[in-house]
Amino acid sequence: MTPLTDIGLLAERYDLVVVGAGPAGLSAAARAAELGLSVLLVDENPAPGGQIYRAITTTPVKDRAILGEDYWRGADIVGRFERAKASYAAGCTVWALGSDEAQPELFELGLSLGGKARMIAASQVILATGAQERPFPIPGWTLPGVMTAGAAQIALKGSGIVPAGRTVIAGCGPLLYLLASQLAAAGAEIVAVLDTTPKRNWSKALAAFPEFLRSPYLAKGLKLMAQTRRKLRFVSGVTGLAAKGEGALASATVERGGASETIACDTLLLHQGVIPGINLSSAAGCEHLFDSEQHCWVPRLDSWFASSVPGIAIAGDGAGIGGAESAALRGEVAAFDAARRLGRLTRDERDRQAAPIRAGLERTLRGRRFLDLLYKPALQFLAPKDETIVCRCEEVTAGQIRDTARRLGVTGPNQMKAFLRCGMGPCQGRLCGPTVVELISEVRGTSPAETGYYRLRPPVKPVTLAELAALPQTDGSVKAVVR
Ligand SMILES: Cc1cc2nc3c(=O)[nH]c(=O)nc-3n(C[C@H](O)[C@H](O)[C@H](O)COP(=O)(O)OP(=O)(O)OC[C@H]3O[C@@H](n4cnc5c(N)ncnc54)[C@H](O)[C@@H]3O)c2cc1C
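Rules of the game
- Residues numbered from 1 in each chain as written.
- Predicted model: local features only at pLDDT ≥ 70, side-chain atom pairs only at ≥ 80, totals over all residues.
- Heavy atoms only, no water.
- Pairing = 2+ DSSP bridges.
- Helix = DSSP H or I, 4+ residues; strand = E, 2+ residues; numbered from the N terminus.
- Contact = heavy atoms within 4.5 Å.
- Axes fitted to C-alpha atoms, helices over the stretch in contact; angles between N-to-C directions.
- Phe/Tyr/Trp six-rings, centres within 6.5 Å; stacked < 30°, edge-to-face > 60°.
- Buried < 20%, exposed > 50% of the residue type's maximum accessible area, 1.4 Å probe, protein only.
- Lys NZ or Arg CZ within 6 Å of the ring centre and 35° of its normal.
- Domains from an automatic or database assignment.
- Buried area = accessible area lost by both parts, 1.4 Å probe.
- Salt bridge = Lys/Arg side-chain N within 4 Å of Asp/Glu carboxyl O.
- Polar contact = N/O pair within 3.5 Å; in protein donor to acceptor, adjacent residues only side chain to side chain.
- Nonpolar A, V, L, I, M, F, W, Y, C, P; charged D, E, K, R; others polar.

## What about the sheet that holds strand β15 (residues 267–272)?
(1) Moving on: Pairing in this open sheet of 5 strands is parallel, and the strands run β8-β15-β9-β10-β11 from one edge to the other. Here the strands that pair on one side only, and so sit at the sheet edges, are β8 (146–148) and β11 (234–235).
(2) Moving on: In terms of strand pairing, β8 meets β15 through 3 bridges, oriented parallel. Residue pairing across strands places M147 opposite L269, the latter belonging to β15.
(3) Moving on: Seen against the sheet, helix α5 (residues 149–159) touches β8 and β15 and runs at an angle of roughly 80 degrees to β8.

Now the structure itself:
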């Protein structure tokens, strides 16, 4: 299958547009095409795979043991999609999604590809835009040499490179072990793995342990943990962390049980779990709610992953964190429902054909709750010390946010954005939003659910003026930008 790399080659309209070519999007697009829909799959990356199967068709990493068997399973998912009669636009970013005012039964999507922008129409849309790493703001995290562990994994999968020099990995969550073992297997010099999982979380997670015992995560997780602890220096119970250095990282200061240690390092990789990427779904008007167990905002969805906007479904980790296997199955379930909404399947046919997929989905989600409760980050890593930069785009500190909330009685992040510009930069609040909400909630004594989240608008990804200027000036395209 040759990806479309010229935006002019896209059709005016599709039955279904799927945004995101990770396991959810690839499976949704393949299933929908197999059901006879005209389908366009778009993804901002040059090749399919999403996060987990990133660069699966192009990776320079040939030794399968480095990335592990789960990664190579991506080839089958891509293969199925390539056999399906669907269109695929690589390197294509979706920056707007709304109803087409001229044809309200249709959606209008704003896309950029190869430096050009265009609006196309779709009857149904499946957002499979995945997750992002949860922000992990600590003092000094903006120093050169500090990055997310996921970014290091992207560099490994995409270019076969590992971080230079003495590397420390810090944080919590199932991915922490995977990333440590992959980078170590690829030759990174990992001098320490710092686990910030709060000890008290074990008692909270206990209630969900029986289900975890019946889940596919148990054996895999234990093996990975044992391997990582055997091969690498592992430090658990970390309650404080700061990156230190003049102009660049020189060391990490670690607090644990009242004691403090300084570890000299050249690279510090941070990771405290993943959260759904909600910018496009939120800007498209889909309702979101705060999931207190996953401690993040998730879209409000029905059992077919249909959102509060009829015709837009959200599948994969963008629907709530469930992992790669459930992402693929969620994509298929959403595709069945899209076919039903387009009259290609009756309700009964949809239910019957989707039943085995649903059963598989239930299995893959078993044990998830235990992981969510166990790896919920500690408050000090969600609402950091005052000197910590929280909004990297606008260089706003935690202290400024706390102070403004106290002095001006700020009740929510949109007011804070107006006062301090946090969330106004190129990342559109992806790296500061959860932290700003946490800090306001802390000052006001409210829950994140009560505090709310940023009101997100298109464009949700940066668009150049040249791209906008090149857009055919229709009412819809003007409104898509000035809405
Ligand atoms: C950095 C990172 C690394 C991870 N690594 C692993 C791992 O090694 N193993 C594992 O089990 N899990 C990993 N995960 C968890 C991961 O969320 C799931 O395993 C799985 O990839 C989720 O599948 P998905 O299809 O929902 O989303 P994803 O696989 O994330 O795919 C979503 C795709 O949509 C694209 N996209 C998003 N917005 C737009 C837009 N506006 N326009 C166009 N394209 C867009 C993204 O670039 C991405 O390619 C990782 C998560 C992150 C954030």
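## Observations concerning the environment of L374
(1) Moving on: Examined against the element boundaries, L374 turns out to sit in helix α13 (residues 368–374).
(2) Moving on: A sequence separation of 278 residues divides L374 from A96, and the C-alpha atoms of the two residues are 36 Å apart.
(3) Moving on: In this view, L374 contacts T197, N201, W202 and A205; residues no more than four positions away in its chain are not counted.

## Remarks on the side chain of T435
(1) Moving on: Mapping T435 onto the fold places it in helix α16 (residues 433–444).
(2) Moving on: Ignoring sequence-local partners within four residues, the contact set of T435 consists of P135, P137, L382, P384 and V390.

## Details of the packing of aromatic side chains
(1) Moving on: Counted according to the given criterion, the structure contains 11 aromatic pairs.
(2) Moving on: With a centroid separation of 6.0 Å and 85 degrees between ring planes, the pair formed by F81 and Y88 is classed as edge-to-face. The burial state of F81 is the same as that of Y88; both residues are buried.
(3) Moving on: Ring centres of W202 and F370 lie 6.2 Å apart, and the angle between their planes is 65 degrees; on these two criteria the pair is classed as edge-to-face. A residue pair is termed long-range when its members are at least 10 positions apart, and W202 in helix α7 (residues 201–205) and F370 in helix α13 qualify at 168 residues.
(4) Moving on: Through pairs of rings, three or more aromatic residues link up here, namely W202, F209, F212 and F370.
(5) Moving on: Geometry around W141 places R392 over its ring, the cationic atom sitting 4.6 Å from the centre.
(6) Moving on: Across the ring face of Y454, the terminal group of K417 is positioned such that the distance to the ring centre comes to 4.7 Å.

## Side note on the environment of G409
(1) Moving on: Mapped onto the secondary structure, G409 falls in the loop between α14 (398–408) and α15 (413–420).
(2) Moving on: Along the sequence, G409 and K461 sit 52 residues apart, while their C-alpha atoms lie 31 Å from each other.

## A word on the domain arrangement of the chain
(1) Moving on: Assigned domains within the chain: domain 1 (2–132 + 275–345), domain 2 (135–272) and domain 3 (379–451).
(2) Moving on: If you average the C-alpha positions of domain 1 and of domain 3, the two centres end up 30 Å apart.
(3) Moving on: Opposite the 6 residues of domain 1 that make contact, domain 3 presents 8 residues.
(4) Moving on: Summed over both sides, the interface of domain 1 with domain 3 buries roughly 590 Å², with 60% coming from carbon and sulfur.
(5) Moving on: Summed over the shared surface of domain 1 and domain 3, the number is 0 salt bridges.
(6) Moving on: Between domain 1 and domain 3 we count 3 residue pairs in polar contact (both at pLDDT 80 or more) in total.
(7) Moving on: Grouping the constituent residues of the side of domain 1 that touches domain 3 by class yields 3 nonpolar, 3 polar and no charged.

## A look at α14
(1) Moving on: Listed as buried for α14 are A398, G399, I401, R402, T404 and A405.
(2) Moving on: Within two residues after α14, G409 carries a phi angle of roughly 60 degrees, on the positive side.

## Some words on helix α4 (residues 74–83)
(1) Moving on: By the burial criterion, the buried members of α4 are G74, I77, V78, G79 and F81.
(2) Moving on: Lining the buried residues of α4 we find α1 (23–34), β2 (39–43), α3 (69–72), β3 (87–90) and α11 (324–341).

## A word on the pattern of salt bridges
(1) Moving on: This model, assessed by the stated rule, comprises 25 salt bridges.
(2) Moving on: The closest approach of N and O atoms between R344 and D15, which form a salt bridge, is 3.1 Å. Of this pair, R344 sits in the loop between α11 and α12 (347–365) while D15 sits in strand β1 (residues 13–19); the two residues are 329 residues apart in sequence, bridging distant segments of the chain.
(3) Moving on: Assessed through its relative accessible area of 37%, R344 is described here as partly exposed.
(4) Moving on: With its nearest N and O atoms 2.7 Å apart, the salt bridge here joins R402 to E442. Of the two residues, R402 is situated in helix α14 and E442 in helix α16; the sequence distance between them amounts to 40 residues.

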